[in-house]
Amino acid sequence: MPTLPITQFVSQPGILDMGCGHPAPALMPVDAIKNASAACVRRYGSDALTYGASAGPGPLIEFLRQRIEKQEKRVLKSNEILITGGSSSGLDQWLTLYTRAGDTILVESPTYHLAVKLLQDHRLNLIPVPSDTEGLDVLALEAILTKLGKSGLQPRALYTVPTFGNPTGFSLGASRRERLVQLAVENEFVILEDDVYRELAFDGMAPPSLWSFSPSDAVVRLGSFSKSFAPGVRLGWLTAHSKVINRMATGGLLDSGGGINHFMALVMAEVCESGEYDMQIGRLRASYQERRDALHKELVQVLPDRCQASKPNGGFFIWLELPEEMAASELLGNAKKHGVSYLPGDIFHVDGRGANTVRLSFSMLSAEQLEEAARRLGRSIQEAGQFVAPSN
Ligand SMILES: Cc1ncc(COP(=O)(O)O)c(C=O)c1O
């Protein structure tokens, strides 16, 4: 009988994979979970194993409430936060309650491709909004809103990853943040702010979240333990207006099943209270920063002159632009022959653009592996085109 897989990602022998945006196995907080699980059962006994409070267990909500309030300098009431099964699950829940098939949703492009899949599951009408190195292009958004208005279409929401974005690593600039919120208020759509990389800032603080300075009904912000702790815990949170939290907490899903992932949420409350959450974030930041530096430095050395690699201030990804005439999806076969893999950038574009772009994830491989991966990638690109060798 074939063995069924345990994990979502299965590595291919001989390939250094920069396609997968998962954390490195060596960075998983195994001991912290072992200790917190035992502490959770000791402290809560049968309460840890029954149906949980719909919005999530009090101790975890209270920890996050205080942490977010302090970090983001915005008062956060306990009825403005909900524990979710991660960003994906929170987004899906919101879409279930607040959209109907055919509704128009604006989507930053390029964007996290699996959120697009999720939006498509809800049969929504997706309108791409272009972005550049400063994030979503608010001028282009204004033009799109005018055009939609003329055709009588009212967008319901806009999905964006404004901080250390997936796939580019770019963050939305400060003045664009303000303009985006103004546009949402004026045009009465909700911003779905996917904020999963906030804690992974390498060079100073992460920019303020859109949620932190918006009228409370303008933004639904999705946070997650997946990137700041471990994705297997399947937990996150959502901050929004109390009426949204109440609607979600009293909806069929949570009324029937109780709070999402209750036992694990209480284990995470122990992790947080013990200080292990903050320590893990510290370890992750240092480690991912080292990986980003190693990959970026080597790319600069080995890539042909007409290739451009971004240097993100946080998150998991470097965005690579190849010369315009090269297609990343066509190059992939040759890259694999050289023992390296990545995701072609066109899969992140809602409108099929970006053929010459590449997403490189530095989260899974060690710094040494990333240096070797960059060299293999450089060789495969050199081989595919007639390039002048880099001068440095
Ligand atoms: C932008 C973005 N949102 C959401 C997710 C998934 O988050 P979660 O594990 O919390 O569902 C990812 C994971 O790669 C991501 O990059």
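What you are looking at is a predicted structure, and each value in this text was computed from that prediction instead of being measured.

(A) Focus on the pattern of salt bridges. Counting across every chain of the model gives 23 salt bridges. The partner of D31 in a salt bridge is K34, and the shortest N-O contact between them spans 3.5 Å. Linking D31 with K34, this pair stays in helix α1 (residues 30–44), spanning three residues, or about one helical turn. With a closest N to O distance of 2.9 Å, R292 and D293 form a salt bridge. Sharing partners across several salt bridges, the network here consists of E298, E372, R375, R376 and R379.

(B) A look at the sheet that holds strand β2 (residues 81–84). The strand order β2-β9-β8-β7-β6-β3-β4-β5 describes an open sheet built from eight strands, whose pairing is mixed. The sheet is open, and its two edges are formed by β2 and β5 (135–136), each paired on a single side. Bridge analysis of β2 against strand β9 (residues 236–239) gives four bridges, and the strand direction is antiparallel. Looking across to β9, one finds that I83 is bridged to W237.

(C) Spotlight on the pairing of β9. The alternating pattern of β9 places G236 and L238 and W237 and T239 on opposite faces, both of which are buried. Strand direction decides the pairing type here: strand β8 (residues 219–224) and β9, joined by four bridges, are antiparallel. Residue pairing in the sheet places L222 in a bridge with L238 of β9.

(D) Expanded view of the side chain of Q280. Tracing the backbone through its elements, the reader meets Q280 in helix α11 (residues 276–302). Those residues in contact with Q280 that sit more than four places away from it in its chain are L27, P29, S228 and F229.

(E) Here's a closer look at the sheet that holds strand β13 (residues 343–344). An order of β10-β11-β14-β13 is seen for the four strands of this open sheet, with the pairing classed as antiparallel. Strand pairing shows two members of the sheet lacking a second neighbour, β10 (308–309) and β13, which therefore form its edges. Relative to strand β11 (residues 317–321), β10 runs antiparallel, the two being bridged by two bridges. Across the sheet, residue A309 finds its bridge partner in β11, namely L320.

(F) Representation of the packing of aromatic side chains. Across all of its chains, the model carries eleven aromatic pairs by this definition. Aromatic side chains W94 and Y98 sit 5.2 Å apart centroid to centroid with 20° between the ring planes, which places their arrangement in the stacked category. You can see W94 and its partner Y98 sitting in helix α3 (residues 87–98), four residues apart, about one turn around the helix. By relative accessible area, which is 2% here, W94 ends up buried.

(G) Summary view of the confidence of the model for the chain. Across the chain, pLDDT averages 95, with 98% of residues at or above 70. Scored below 50 in pLDDT, residues 388–392 makes ten contacts in the model with residues more than four places away or belonging to other chains.

(H) Structural context of the environment of H122. In this fold, H122 is placed in the loop between α4 (113–121) and β4 (125–132). Judged by its relative accessible area of 17%, H122 is buried. Sequence-wise, H122 and D92 are 30 residues apart; in three dimensions their C-alpha atoms are separated by 8.5 Å. Not counting residues within four places of it along the chain, the set of residues in contact with H122 comprises D92, L95, T96 and A101.

(I) A look at the site of the ligand. Inspection of the region around the ligand gives 13 residues, with S88, D194, Y197, S224 and S226 positioned closest. Within the side chain of Y197, a nitrogen or oxygen atom sits 2.6 Å from an oxygen atom of the ligand. At 3.0 Å from an oxygen atom of the ligand is found a side-chain nitrogen or oxygen belonging to R234. Starting from 400 Å² of accessible surface for the ligand in isolation, the protein chains cover 92%. Most atoms of the ligand, that is more than half of them, are within 2 Å of grid points of the largest pocket. Elements that contribute at least two residues to the shell around the ligand include exactly α3 and α7 (225–228). Among the residues forming the shell around the ligand, the class breakdown is four nonpolar, six polar and three charged.

(J) Seen up close, unusual backbone geometry. P110 follows S109 through a cis peptide bond whose omega is 5°. Note that P110 resides in the loop between β3 (104–109) and α4. P167 follows N166 through a cis peptide bond whose omega is 20°. Its place among the elements puts P167 in the loop between β6 (157–160) and α6 (174–187). The phi dihedral of R123 is positive, around 55°, even though this residue is not glycine.

(K) How the structure looks around the layout of surface pockets. Estimates place the volume of the largest pocket at around 1,300 Å³. As for the largest pocket, its lining consists of 45 residues, of which Q8, C20, G21, H22 and K227 are closest to the centre. Broken down by secondary-structure element, the contributors of at least two residues to the lining of the largest pocket are α3, α4 and α7. For the lining of the largest pocket, the leading source of residues is α4, giving six residues.

(L) Representation of the environment of R285. Position of R285 among the secondary structure elements: in helix α11. Along the primary structure R285 and D203 are separated by 82 residues, whereas in three dimensions their C-alpha atoms are 9.8 Å apart. In this view, R285 contacts E199, L200, A201 and F202; residues no more than four positions away in its chain are not counted.

The rules behind the values
- Residues numbered from 1 in each chain as written.
- Predicted model: local features only at pLDDT ≥ 70, side-chain atom pairs only at ≥ 80, totals over all residues.
- Heavy atoms only, no water.
- Salt bridge = Lys/Arg side-chain N within 4 Å of Asp/Glu carboxyl O.
- Helix = DSSP H or I, 4+ residues; strand = E, 2+ residues; numbered from the N terminus.
- Pairing = 2+ DSSP bridges.
- Buried < 20%, exposed > 50% of the residue type's maximum accessible area, 1.4 Å probe, protein only.
- Contact = heavy atoms within 4.5 Å.
- Phe/Tyr/Trp six-rings, centres within 6.5 Å; stacked < 30°, edge-to-face > 60°.
- pLDDT = per-residue confidence, 0-100.
- Near = heavy atom within 4 Å.
- Polar contact = N/O pair within 3.5 Å; in protein donor to acceptor, adjacent residues only side chain to side chain.
- Areas by Shrake-Rupley, 256 points an atom, 1.4 Å probe, with all protein chains shown as cover.
- 1 Å grid on protein atoms, 1.4 Å probe; cavity = no way out; pocket = protein on both sides within 12 Å on 5 of 7 lines; lining within 4 Å.
- Sits in = over half its atoms within 2 Å of the grid points.
- Nonpolar A, V, L, I, M, F, W, Y, C, P; charged D, E, K, R; others polar.
- Points joined across faces, edges and corners; volume = space filled by probe spheres on them.

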